Amino acid sequence: MSNKFDLCFSTHSKITLPIETNDEDRYLQFRKDNPHIFGSFIPAGTPFILNEGSVINIAKLRSERPDIACALDTVKSWSQETKRNVANLTSEFGDENLQAVALLYEKEIKPFLDATNHTMGGGNR
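A. Structural context of the overall build of the protein. The secondary structure content of the protein amounts to five helices and two strands. Tracing the protein from N to C terminus, the helices and strands come up as β-α-β-α-α-α-α. Burial statistics for the protein: of 125 residues in total, 23% are counted as buried. Sequence-distant contacts, at least 24 apart, represent 62% of the contacts inside the protein between residues at least 6 apart. When the accessible area of the protein is evaluated, it comes to approximately 8700 Å², of which 56% is carbon and sulfur surface.

What follows is the structure in structure tokens.
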């Protein structure tokens, strides 16, 4: 079996799970990979792992790919409003364009705002 899986970020709320729930092995694996999803409803902006039939060892994933584990943990900790906003932006602009906007903000806009805020005597953002 391969170790292929996708880290997904729902752009729209889903009323059913993105797997065949009649396949007991696949259903159990989805539940094991995504303990943060309860029931069959997935709110917009919720990150989840879609497994291509292999067993994902989450502890091994965390040690071998801390970037993916960190990204998943970070997104899971966002407020539901933030998740919905990012999901809407992703839906409007697409993944790559939204990443470009985020990079532009982080590298150019945020430092400018921080410097301006500091110059004007305000606290850190």
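The rest of the description comes next.
B. Structural view of helix α4 (residues 80-93). With 14 residues, α4 extends 20 Å from end C-alpha to end C-alpha; this agrees with the ideal 20 Å at 1.5 Å per step. Buried within α4 we find Lys83, Ala87 and Thr90. Viewed along the axis of α4, the buried residues span an arc of 60°, placing them on a single side of the element. α4 presents Glu81 and Glu92 as exposed residues on the side facing more than 90 degrees away from its buried surface. Of the residues one or two after α4, glycine 94 is the one with positive phi, at around 90°.

C. How the structure looks around a nonpolar patch on the surface. Side chains of Leu104, Tyr105 and Ile109 sit close together on the surface and give an oily, nonpolar patch of about 260 Å² of accessible area. For isoleucine 109, the position within the fold is in helix α5 (residues 95-119). Overall, isoleucine 109 belongs to the partly exposed group, its relative accessible area being 37%.

D. Representation of the environment of serine 91 in the model. Examined against the element boundaries, serine 91 turns out to sit in helix α4. Setting aside residues up to four positions removed in sequence, serine 91 forms contacts with Thr11 and His12.

E. Inspection of the packing of α4 against α5 at higher detail. Two elements in contact, α4 and α5, have axes whose closest approach is 7 Å; the angle formed by their N-to-C orientations is 115°. Here the hand of the crossing between α4 and α5 comes out right-handed. Facing Val86, Leu89, Thr90 and Phe93 of α4, the residues of α5 in contact are Asp95, Asn97 and Leu98. Considered class by class, the residues forming the contact of α4 with α5 number four nonpolar, two polar and one charged.

F. Layout of the side chain of aspartate 33. Within the secondary structure, aspartate 33 sits in helix α1 (residues 24-33). The buried charged residue aspartate 33 lacks any salt bridge partner; its closest oppositely charged side chain belongs to lysine 32, at an N-O distance of 6.5 Å.

G. Highlighting the side chain of lysine 83. As for its placement among the helices and strands, lysine 83 is situated in helix α4. For lysine 83, a relative accessible area of 9% translates into the label buried. Non-local contacts of lysine 83, meaning those with residues more than four positions away in its chain, are made with Phe9, Ala44, Gly45, Val75, Lys76 and Trp78.

H. The arrangement of the confidence of the model for the protein in detail. Summary statistics for the protein give a mean pLDDT of 79 and a share of 84% for residues scoring 70 or more. The lowest-confidence element of the protein is helix α2 (residues 58-64), averaging 69 in pLDDT; the highest-confidence one is α5, averaging 88.

I. Spotlight on the pattern of salt bridges. All chains considered together, the criterion is met by one salt bridge. Aspartate 114 is the salt-bridge partner of lysine 110, the closest N and O atoms lying 2.9 Å from each other. Placement of both lysine 110 and aspartate 114 in helix α5 is noted, with a separation of four residues, approximately one turn of the helix.

Quick notes on the rules
Residues numbered from 1 in each chain as written. Predicted model: local features only at pLDDT ≥ 70, side-chain atom pairs only at ≥ 80, totals over all residues. Heavy atoms only, no water. Helix = DSSP H or I, 4+ residues; strand = E, 2+ residues; numbered from the N terminus. Buried < 20%, exposed > 50% of the residue type's maximum accessible area, 1.4 Å probe, protein only. Contact = heavy atoms within 4.5 Å. Areas by Shrake-Rupley, 256 points an atom, 1.4 Å probe, with all protein chains shown as cover. Expected span 1.5 Å × (residues − 1). Arc of directions from axis to C-beta. Patch = residues over 30% accessible without salt bridge, like charges linked within 9 Å, V, L, I, M, F, W, Y side chains within 5 Å. Salt bridge = Lys/Arg side-chain N within 4 Å of Asp/Glu carboxyl O. Axes fitted to C-alpha atoms, helices over the stretch in contact; angles between N-to-C directions. Left-handed = near helix turned anticlockwise from the far one by under 90°. Nonpolar A, V, L, I, M, F, W, Y, C, P; charged D, E, K, R; others polar. Lys, Arg positive; Asp, Glu negative; His and termini not counted. pLDDT = per-residue confidence, 0-100.

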